[in-house]
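In case you want the letters, here they are:
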Amino acid sequence: VSDGAWIRSRQPSAPIESSRLSRLLAEARWIAGAALAAALLVVLLTYSREDPGFTHSVASAPIHNLGGRLGAWVADVVLLVFGLSAYLVALGLAVTVARAFRRLHRAAAGADPLADDLPAWAHGLGFGLLLAGATGLEALRLYNLKAALPGLPGGVVGNAIAPLVQSGVGFTGASVIFLVAIAIGLSLFLDFSWLSVAERVGTFIEGFSRRAEQRREE
């Protein structure tokens, strides 16, 4: 009887330990993701054409990139593919990590981790639209931008998308399509409503005008 009681008392601890281990592993994974997002932003910000990279080679010299030779190569490739919109990749990774941390805290508190969140496919679709719209608009409108890039503004992606859209709907039409893609992408990826934003802005302006009118009357 005592052995059976000991077994029964040991059984509930196994699922608890397993759940705790999975939560700790998930937290470690997302901490690594946050570090990766920060590292990507740093290597992009410290990119220099004087460092060796995928698109060019230079003589041996001090590496300017804070990520060293590897960071210089990574920044060179990402900027080549996406242009200045490469910073959106770092932003998207950071937002994904923050969203995952929020879900972990919800699950730890016993709440539904997916409450009030769009599904993962909607976030992925939104980020794809955002990146496509940003790279396309950059290639279409900012082609004369003087920036330290290994390629053209908009990168490989933008310069592949922009001519196709422009050939179908023209320069102005393509600009509108890219702006719409950015707006829809932001809404889906960041999970907010533009109507709610407009209402809040309108409420703020209305309240500000009322307070200004009240002060003037006083």
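Reading the values: rules and limits
- Think of each chain on its own: its residues are numbered from 1, step by step along the sequence as written.
- Selection of residues for local features in this predicted model requires a pLDDT of at least 70, selection of side-chain atom pairs for listing and counting requires 80 or more, and totals for whole chains, interfaces and linings are taken over all residues.
- The side-chain numbers reported here are obtained from all heavy atoms of the structure, hydrogens and water having been left aside.
- The secondary structure listing takes helices from DSSP runs of H or I that are at least 4 residues long and strands from runs of E that are at least 2 residues long, numbered from the N terminus.
- Only protein chains enter the calculation, and the probe is 1.4 Å; a residue is then buried if its accessible area is under 20% of its type maximum, exposed if over 50%, and partly exposed in between.
- Here a residue-residue contact requires only that any non-hydrogen atoms of the pair lie within 4.5 Å.
- Surface accessibility follows the Shrake-Rupley procedure with a 1.4 Å probe radius. Residue values consider only the protein chains on display as shielding.
- The set of buried Ala, Val, Leu, Ile, Met, Phe, Trp, Tyr and Cys residues whose side-chain atoms join them within 4.5 Å is what this entry labels a nonpolar core.
- Each residue carries a pLDDT value, the predictor's own confidence for that position, ranging from 0 to 100.
- Axis angles are defined between N-to-C directions and span 0 to 180 degrees, where every axis is a line fitted to C-alpha atoms and, for a helix, only to the segment in contact.
- An angle counts as roughly parallel when it lies under 35 degrees, as roughly antiparallel when it exceeds 145, as roughly perpendicular when it falls between 65 and 115, and as oblique in every other case.
- Crossings are assigned a handedness: left-handed for a near helix turned anticlockwise from the far helix by less than a right angle, right-handed for a clockwise turn.
- A pocket, in this scheme, is an open set of points on a 1 Å grid over the protein atoms alone with protein on both sides within 12 Å along at least 5 of 7 lines, while a cavity is a set where a 1.4 Å probe fits but cannot get out; residues line either one if an atom lies within 4 Å of a point.
- Grid points are joined across faces, edges and corners, and a volume is the space filled by probe spheres set on the points.
- Here, expected helix span is obtained from the residue count minus one, scaled by 1.5 Å.
- Surface patches are drawn from residues lacking salt bridges whose relative accessible area is over 30%; two like charges belong together within 9 Å, two nonpolar side chains (Val, Leu, Ile, Met, Phe, Trp, Tyr) within 5 Å.
- Throughout this description, the term salt bridge denotes a Lys or Arg side-chain nitrogen within 4 Å of a carboxyl oxygen of Asp or Glu.
- Pairing of aromatic rings covers Phe, Tyr and Trp, the last counted by its six-membered ring, and requires centre-to-centre distances within 6.5 Å; plane angles under 30 degrees mean stacked, over 60 mean edge-to-face, and any other angle means tilted.

### Observations concerning the overall build of the protein chain
Here comes step 1: The secondary structure content of the protein chain amounts to seven helices and zero strands.
Here comes step 2: Counting all 218 residues of the protein chain, 30% fall into the buried class.
Here comes step 3: Taking the contacts inside the protein chain whose residues are at least 6 apart along the sequence as the reference set, 62% of them involve residues at least 24 apart.
Here comes step 4: Here the protein chain displays about 13,800 Å² of accessible surface, and carbon together with sulfur accounts for 67% of that area.

### Some remarks on the nonpolar core
Here comes step 1: Of all hydrophobic cores here, the largest spans 24 residues; its most connected members are Leu40, Leu44, Val78, Leu79, Ala86 and Phe178.
Here comes step 2: For this core, the secondary structure elements donating two or more residues are helix 2 (13-45), helix 3 (68-82), helix 4 (86-108), helix 5 (120-141) and helix 6 (155-190).
Here comes step 3: Ignoring sequence-local partners within four residues, the contact set of Leu79 consists of Leu44, Tyr47, Ala86, Leu149, Pro150 and Gly155.

### Section: the environment of Ala39
Here comes step 1: On the secondary structure map, Ala39 appears in helix 2.
Here comes step 2: With 51 residues separating them in the primary sequence, Ala39 and Ala90 have C-alpha atoms 8.7 Å apart.

### Brief notes about the confidence of the model for the protein chain
Here comes step 1: Overall, the predicted model of the protein chain reaches an average pLDDT of 83, with 86% of residues at or above 70.
Here comes step 2: Ranking the helices and strands of the protein chain by mean pLDDT puts helix 6 first, with 93, and helix 1 (residues 2-10) last, with 49.
Here comes step 3: Predicted confidence for residues 5-10 stays below pLDDT 50, and this span has zero contacts to residues more than four positions away or in other chains.

### Observations regarding the packing of helix 5 against helix 6
Here comes step 1: At a closest axis distance of 6 Å, the pairing of helix 5 and helix 6 adopts a crossing angle of 140 degrees. For the element pair helix 5 / helix 6, the angle class is oblique. Crossing of helix 5 over helix 6 shows left-handed handedness.

### Observations regarding the layout of surface pockets
Here comes step 1: Approximately 210 Å³ is the volume found for the largest pocket.
Here comes step 2: Thr96, Arg99, Ala120, His123 and Phe189 are the residues nearest the centre of the largest pocket, which is lined by 13 residues in total.
Here comes step 3: Sort the elements by how many residues they give to the lining of the largest pocket and helix 4 lands first, with seven residues.

### Regarding helix 3
Here comes step 1: For helix 3, spanning 15 residues, the distance from its first C-alpha to its last is 21 Å, which sits close to the expected 21 Å at 1.5 Å a residue.
Here comes step 2: Turning to helix 3, its buried residues are Gly71, Ala72, Ala75, Asp76, Val78, Leu79, Leu80 and Phe82.
Here comes step 3: Looking one or two residues past helix 3, Gly83 carries a phi angle of roughly 65 degrees, positive in sign.

### Some words on a nonpolar patch on the surface
Here comes step 1: On the surface, Trp194, Val197, Val201, Phe204, Ile205 and Phe208 cluster together into a nonpolar patch covering about 610 Å² of accessible area.
Here comes step 2: You can see Val201 is positioned in helix 7 (residues 194-217).
Here comes step 3: Residue classification places Val201 among the partly exposed residues on the basis of a relative accessible area of 43%.

### So, the packing of aromatic side chains
Here comes step 1: Considering all chains together, one arrives at three aromatic pairs under this definition.
Here comes step 2: Seen in terms of ring centroids, Phe127 and Phe189 are 5.2 Å apart; in terms of plane orientation they differ by 50 degrees. Their pairing is tilted. Of the two residues, Phe127 sits in helix 5 while Phe189 sits in helix 6, which places them 62 residues apart along the sequence.
Here comes step 3: Exposure remark for Phe127: the relative accessible area of 18% places this residue in the buried category.
Here comes step 4: Between Phe204 and Phe208 the ring centres are 6.4 Å apart and the planes differ by 25 degrees, which places this aromatic pair in the stacked class.

### Details of unusual backbone geometry
Here comes step 1: Not every positive phi belongs to a glycine, and Asp191 is a case in point at roughly 60 degrees.
Here comes step 2: When you line up the elements, Asp191 lands in the loop between helix 6 and helix 7.
Here comes step 3: According to the relative accessible area criterion, Asp191 is partly exposed, its value standing at 29%.

### Thoughts on the pattern of salt bridges
Here comes step 1: For the coordinates displayed, the defined rule picks out one salt bridge.
Here comes step 2: Glu206 is the partner of Arg210 in a salt bridge, and the nearest nitrogen-oxygen pair spans 2.6 Å. Of this pair, Arg210 and Glu206 are both found in helix 7, four residues apart, which corresponds to roughly one turn of the helix.

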